[in-house]
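Architecture at a glance
Residues per chain are reported as follows:
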Amino acid sequence: MVISDAIRYVGVDDKTIDLFESQYMVENGVSYNSYLILDEKVALMDTVDARGMEEWSKNVDRELDGRTVDYIVVQHMEPDHSGSLAYAIKKFPNATVVGTAKTFVFINQFFDVDLSDRKLEVKEGDTLSLGSHTLNFVMAPMVHWPEVMVTYESSEKVLFSADGFGKFGALDTDEEWACEARRYYFNIVGKYGASVQALLKKAAGLEIKKILPLHGPILDENLGYYIDLYDKWSSYTPEKKGVFIAYASIHGNTKKAAEALADKIRALGEEHVAISDLSREDMAECVEDAFKYDRMILCAATYDGGAFVPMEDFLHHLQIKTYQSRTVGLLENGTWAPVAAKSMRGYLESMKNVTILDETVTIKSTLKPENEEAMDALAKAIVAAGESK
Ligand code: FEO
């Protein structure tokens, strides 16, 4: 794929992987992006997962058209990008490997290669001339690993953004960017909002015409839209006003209560109410929705002295992804000793700036007319919380 006269796409799609990072469902696969910059000197920008090495190598050879690589720029050492690095180092024996100090520590941990006379360690602000193209290295620690840097090519005003602005889905997937980019962001980079904010501040000082991420499509128009979403996501600002209801129901009675609550909230005029079954729906999608909306209601059956396991699992995910700055309501169910709310509250209290509504609903086995008052109160409270924002 030709991005410009000098910049070529040499990445690969992976449509056979079962789970990305051994945990995320990717129904439409994922792309491992890699690029070549062809100038007086040739730079290879990252490699690909070992799963795509053969196809990638052919792509590189096709675009090189008999030339060789002078620099192998390693922006990120996670194996979905460096899985073919040892092969590239051998394939291009005269190439200098470019990375941060930590990059070289990680190369030695992952591979048995001797780079003593062929490495270039770079730091913030360093530049590398390829001829008419100049690479400007911008450190981006913890977006998503500590060794990460991004690279701004100043003649074409292109930002090679590493994992930033990445998205699940092979490149030929026809789908809305934000949906799968949001699921990717919150589940993979979400914990590191402050690091992403720091990178966005540096990027704000650059004139950027194209963003070339390591996953997903190249972004070359309406860049303000993508940057604005990244700013919201990384500052933990809710993207949408609405209520996400997540339930963990064993025999369907808590599910019925969750659905009844959703109806009440909609009847009060709340425009966006999303509801998910934590036992059956993609956990990563549920995490994404929790971050997307400004409010959430958690509904769980009691199980083994806590909340039903899918809810405990969900809250653990939210905790490690640093869920914060939102309002949450609780509904618990229990046949003899309902304690799910206590457990859910424990997780939420450990999170930053999460307001827990007082109007917790407790049902015993099934929703009964005597629960109506409490249900109405919770519905009104979550709607009012949205109106006060
Ligand atoms: Fe796409 Fe953090 O690797």
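Details of the structure are given in the entry above.
So, here is what we can say about the structure in this document. Model, not experiment: these values are computed from the prediction. (Residues numbered from 1 in each chain as written. Predicted model: local features only at pLDDT ≥ 70, side-chain atom pairs only at ≥ 80, totals over all residues. Heavy atoms only, no water.)

**Focus on the layout of surface pockets**
Considering only enclosed or pocket space, the largest pocket measures out at about 290 Å³ in volume. In terms of lining residues, the largest pocket is bounded by 16 residues, among which Ile 250, Ala 301, Thr 302, Gly 334 and Thr 335 are the most central. Of all the elements, strand S18 (residues 293-303) adds the most residues to the lining of the largest pocket, at 3 residues. A volume near 190 Å³ is recorded for the second largest pocket. Lining of the second largest pocket is provided by 15 residues; of these, Phe 165, Leu 200, Ala 203, Ala 204 and Ile 227 occupy positions nearest its centre. If you tally residues by element for the lining of the second largest pocket, the top one is helix H6 (residues 193-203), at 4 residues. The residue makeup of the lining of the second largest pocket, split by class, is 12 nonpolar, 2 polar and 1 charged. (1 Å grid on protein atoms, 1.4 Å probe; cavity = no way out; pocket = protein on both sides within 12 Å on 5 of 7 lines; lining within 4 Å. Points joined across faces, edges and corners; volume = space filled by probe spheres on them. Helix = DSSP H or I, 4+ residues; strand = E, 2+ residues; numbered from the N terminus. Nonpolar A, V, L, I, M, F, W, Y, C, P; charged D, E, K, R; others polar.)

**Here we look at the environment of Asp 282**
Within the secondary structure layout, Asp 282 lies in the loop between strand S17 (273-277) and helix H9 (283-292). Spatially, the C-alpha atoms of Asp 282 and Tyr 24 are 8.5 Å apart, while their sequence positions differ by 258 residues. If we skip the residues at most four places from it in the chain, Asp 282 touches Met 25 and Arg 183. Side-chain polar atoms of Asp 282 contact the side chain of Arg 183, separated by 3.0 Å. (Contact = heavy atoms within 4.5 Å. Polar contact = N/O pair within 3.5 Å; in protein donor to acceptor, adjacent residues only side chain to side chain.)

**Remarks on the pairing of strand S6 (residues 35-38)**
Here S6 shows two buried faces, one formed by Tyr 35 and Ile 37 and the other by Leu 36 and Leu 38. Across 3 bridges, strand S1 (residues 7-9) lies against S6 in antiparallel orientation. When the sheet's bridge partners are listed, Tyr 9 is paired in S6 with Tyr 35. Looking at chain direction, S6 and strand S7 (residues 42-45) are connected through 4 bridges and run antiparallel. Note that in S7 the partner of Leu 38 across the bridge is Val 42. Count of turn residues in the S6/S7 antiparallel hairpin: 3 residues. (Buried < 20%, exposed > 50% of the residue type's maximum accessible area, 1.4 Å probe, protein only. Pairing = 2+ DSSP bridges.)

**Here's the deal with the packing of H6 against helix H7 (residues 223-234)**
Between H6 and H7, the shortest axis-to-axis distance is 8 Å and the interhelical angle comes to 145°. In terms of crossing hand, the pair formed by H6 and H7 is left-handed. Seen from H6, the contacting residues are Gly 193, Ala 194, Val 196, Gln 197 and Leu 200; seen from H7, they are Ile 227, Tyr 230, Asp 231 and Ser 234. Considering only residue class, the contact of H6 with H7 consists of 5 nonpolar, 3 polar and 1 charged. (Axes fitted to C-alpha atoms, helices over the stretch in contact; angles between N-to-C directions. Left-handed = near helix turned anticlockwise from the far one by under 90°.)

**Digging into H7**
A rise of 1.5 Å per residue sets the reference length of H7, with its 12 residues, at 16 Å; its end C-alpha atoms lie 16 Å apart and thus fit the reference within 8%. Looking at the packing, one finds that the buried side of H7 touches helix H5 (177-189), H6 and strand S15 (210-212). A positive phi of about 60° marks Tyr 236, the residue just after H7. (Expected span 1.5 Å × (residues − 1).)

**Regarding the packing of aromatic side chains**
By the definition in use, this model includes 23 aromatic pairs. Ring geometry for Phe 165 versus Tyr 230: centroids 4.2 Å apart, planes at 25°, classification stacked. With Phe 165 in the loop between strand S14 (158-160) and H5 and Tyr 230 in helix H7, this residue pair connects regions lying 65 residues apart in the sequence. Here Phe 165 falls in the buried class, since its relative accessible area comes to 6%. Ring geometry for Trp 177 versus Tyr 226: centroids 4.6 Å apart, planes at 80°, classification edge-to-face. Here Trp 177 is found in helix H5, whereas its partner Tyr 226 is found in helix H7, with 49 residues between them in sequence. For Trp 177, a relative accessible area of 8% puts it in the buried group. Grouped by ring-pair contacts, the aromatic residues Phe 165, Trp 177, Tyr 185, Phe 186, Tyr 225, Tyr 226, Tyr 230, Trp 233, Tyr 236, Phe 291 and Tyr 323 constitute a single cluster. (Phe/Tyr/Trp six-rings, centres within 6.5 Å; stacked < 30°, edge-to-face > 60°.)

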